[in-house]
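# Results of the structural survey
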Amino acid sequence: MTEMIKAAAAMVKCLEQEGVKVVFGYPGAAICPFYDELSKSDVHHVLVRHEANAGHAANGYARMTNKPAVCIATSGPGATNLLTAIATAYADSIPIICITGQVSTDQIGCDVFQEVDITGAAEPFVKYSYLVKNAEDIPRIFKEAFHIAGTGRKGPVLIDVPFDVQQTLINYSYPESVELRSYKPTVKGNTMQIKRIAEALMKSEKPLICAGGGVFSSNAKDELIALAEKSGIPAVSTMMGLSIFPTEHPLYMGMLGMHGVKTANHAVKQCDTLLLIGARVGDRAVTAPSFLAETTQIIHIDIDPAEIGKNIATDIPLVGDCKSILSELTGYIEKTDRPEWLAELNEVKNTVPSENETEGYVNPKMFLRKLSDALPDNTVCVADVGQNQIWACNNFNIKKDGRFLTSGGMGTMGYSVPAAVGAKMASPDSQVVVICGDGSFQMQMMEMATIVQENIPVKIIVMRNNRLGMVRELQTKAYKDNQIAVHLTEGNPDFAMLARAYGIESECVSTMAEAEAAIEHLVKSDKPYLLECNVFKNESTL
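Reference entry: report on the structure contained in this document. (Residues numbered from 1 in each chain as written. Predicted model: local features only at pLDDT ≥ 70, side-chain atom pairs only at ≥ 80, totals over all residues. Heavy atoms only, no water.)

Of note, Ser 204 is situated in the loop between α9 (191–203) and β9 (207–211). Given the relative accessible area of 7%, Ser 204 is considered buried. When sequence neighbours within four positions are dropped, the list of residues in contact with Ser 204 reads Asp 272, Thr 273 and Arg 338. (Helix = DSSP H or I, 4+ residues; strand = E, 2+ residues; numbered from the N terminus. Buried < 20%, exposed > 50% of the residue type's maximum accessible area, 1.4 Å probe, protein only. Contact = heavy atoms within 4.5 Å.)

We now examine the pairing of strand β20 (residues 529–534). β20 sits mainly inside the fold: six of its six residues count as buried. Side chains Tyr 529, Leu 531 and Cys 533 of β20 all project onto a buried face; the interleaved residues Leu 530, Glu 532 and Asn 534 project onto the opposite face, where all are buried too. As judged from the six bridges shared by strand β18 (residues 459–464) and β20, these two strands associate in the parallel manner. If you follow Ile 460 over to β20, its bridge partner there is Leu 530. Note that strand β19 (residues 505–509) and β20 share five bridges and pair parallel. Its bridge partner being in β20, Glu 507 is matched across the sheet by Leu 531. Regarding the hand of the β-α-β motif, the stretch spanning β19, helix α22 (residues 512–524) and β20 is right-handed. (Pairing = 2+ DSSP bridges. Right-handed = clockwise from strand over helix to strand, strands pointing away.)

Moving on, we come to the packing of aromatic side chains. By the definition in use, this model includes seven aromatic pairs. Judged by centre distance (4.8 Å) and plane angle (70 degrees), the rings of Tyr 128 and Tyr 130 are edge-to-face. On the accessibility criterion, Tyr 128 (43% relative accessible area) is partly exposed. The ring of Phe 216 carries the charged tip of Arg 403 above its face, separated from the ring centre by 3.9 Å. (Phe/Tyr/Trp six-rings, centres within 6.5 Å; stacked < 30°, edge-to-face > 60°. Lys NZ or Arg CZ within 6 Å of the ring centre and 35° of its normal.)

The rolling of a water-molecule-sized probe over the atoms marks out the regions of remaining empty space. Estimated volume of the second largest pocket: approximately 520 Å³. Along the walls of the second largest pocket sit 27 residues, with Arg 63, Phe 216, Asn 219, Lys 221 and Arg 403 positioned nearest its centre. When residues of the lining of the second largest pocket are traced back to their parent elements, those giving at least two are α3 (51–65), α10 (214–217) and α11 (221–231). Classifying every residue of the lining of the second largest pocket gives 10 nonpolar, seven polar and 10 charged. (1 Å grid on protein atoms, 1.4 Å probe; cavity = no way out; pocket = protein on both sides within 12 Å on 5 of 7 lines; lining within 4 Å. Points joined across faces, edges and corners; volume = space filled by probe spheres on them. Nonpolar A, V, L, I, M, F, W, Y, C, P; charged D, E, K, R; others polar.)

Summed over all chains, the structure comprises 19 salt bridges. For Arg 464, the salt bridge goes to Glu 532, with nearest N and O atoms at 2.9 Å. Of this pair, Arg 464 sits in strand β18 while Glu 532 sits in strand β20, and the two are 68 residues apart along the sequence. With a relative accessible area of 13%, Arg 464 lands in the buried category. Overall, the relative accessible area of 3% leaves Glu 532 in the buried class. (Salt bridge = Lys/Arg side-chain N within 4 Å of Asp/Glu carboxyl O.)

Moving on, we get to the sheet that holds strand β11 (residues 252–255). Strand-to-strand pairing in sheets goes through backbone hydrogen bonds, with the strands running parallel or antiparallel. Spatially, the six strands line up as an open sheet ordered β11-β10-β9-β12-β13-β14, and their pairing is parallel. Looking at the sheet topology across the chains shown, the edges are occupied by β11 and β14 (316–319). Direction aside, neighbouring strands of the sheet carry axes that sit 15 degrees apart on average. As judged from the three bridges shared by β9 and strand β10 (residues 235–237), these two strands associate in the parallel manner. (Axes fitted to C-alpha atoms, helices over the stretch in contact; angles between N-to-C directions.)

Here it is, written out as structure tokens:
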């Protein structure tokens with residue numbers, strides 16, 4: 001016999017049965033029935049200070065667990081504040097479940113207080129969305145939502161639940177399985193195509209692997225490294241693929257693209273066969289007409305057939321899950337060494353440009369190298385967007401068990417601190433470090449309150465150059481140095497003092513000597529910590 005309970009209680013039970021331990025949210029009237037039932041559960045709720053940050057925190061949590069994570073908001077502005085986080089997760093294929101409250105069903109369409117069509121607004125950047133009209137559908141909807149978010153090309157799913165629906169009594173029974181006739185992601189790759197790829201790689205004189213975030217989505221990091229090591233093929237990564245290979249791996253040549261390193265871009269231009277795996281081939285990576293030789297053979301492996309051939313012509317396409325495909329592909333590969341190809345790349349790799357310190361400022365590239373060298377192997381680096389992101393991508397030394405998280409596809413400023421909160425809660429034994437600029441930090445600094453309330457010992461590095469540095473650099477290069485709307489000098493607070501106002505230990509440094517001493521303190525601290533680094537105003541990403 002099924003149990004009669006409130007639909008709001010059923011929503012909580014659905015989360016429990018999906019193994020959810022932590023949720024991130026911000027309450028409001030339309031979602032209060034759900035919150036009332038959540039208070040009776042062992043599911044831990046993290047109160048963020050802005051709804052978008054609930055989505056970013058869920059994003060960080062999902063990326064560390066590789067499972068759907070949950071964020072919650074109320075109707076109207078609460079729901080619309082989530083939109084940027086939903087779009088961010090969609091662009092990077094991160095599985096999050098977004099639960100929003102909605103006005104009562106009889107009020108929908110009447111423009112009542114805090115009503116907004118959130119399912120319509122989010123439609124372009126969700127895998128699927130539900131407006132729950134029948135409370136009895138809640139168990140099925142939640143089961144489907146977790147399945148859709150966490151399979152195929154992963155991504156966000158929205159569940160919008162009206163106030164009166166949450167209060168309805170229903171017969172609760174959670175489905176054991178999901179059957180969606182129109183949703184059947186291809187997992188196993190075509191064996192004939194896999195054999196063609198193996199043959200092409202073995203015949204190639206200068207093959208190259210380009211790894212994207214899809215490798216993480218399919219939990220295929222070990223399989224890709226095994227393929228590279230057996231075949232002797234060097235690898236580059238997209239921004240989302242950073243930390244698949246440790247920075248110092250002998251086959252890894254760094255991040256490619258317009259903000260990538262010289263070695264990676266040289267490798268792409270010189271290779272005769274490019275194996276793209278789990279990468280959507282974005283415009284900041286390899287789509288520029290001059291980037292690839294006309295004779296380069298393109299192999300593209302992705303679980304989403306819509307991505308293959310979308311931005312770049314493909315010679316050998318293969319749809320399927322990276323993990324199963326790589327395991328099968330490695331079996332067809334012979335053990336190979338490629339000394340001449342690697343020697344050519346290492347000659348470029350070993351050409352390190354000299355760097356000068358500017359008196360009275362911290363050199364961000366030198367700082368990030370020293371910081372990463374001092375941190376443990378399992379460090380999670382969460383970079384924001386702007387110059388700080390590029391400095392971190394190309395200078396933070398990612399070790400064997402480390403991870404690098406950032407907003408790659410959407411480029412969302414204000415991502416790093418809440419994402420770090422989620423990452424640390426998902427992986428409490430990891431050291432989690434945030435790299436952000438003074439512009440991006442001010443889009444998220446309210447989450448220091450969440451850090452203190454939850455006692456989450458993340459370490460925050462604020463690169464202060466009193467500029468929106470990336471836009472300033474663009475204006476300098478492309479607009480005759482006409483700097484407009486990028487100066488933060490007059491309004492910037494003392495970030496170290498601000499952190500102390502929240503009860504977070506902090507320091508401010510202006511020289512590399514001071515920075516090195518602060519790094520030592522940061523590494524040893526087991527509490528939240530903020531380090532403000534004064535950076536020269538005209539420091540570039542190059």
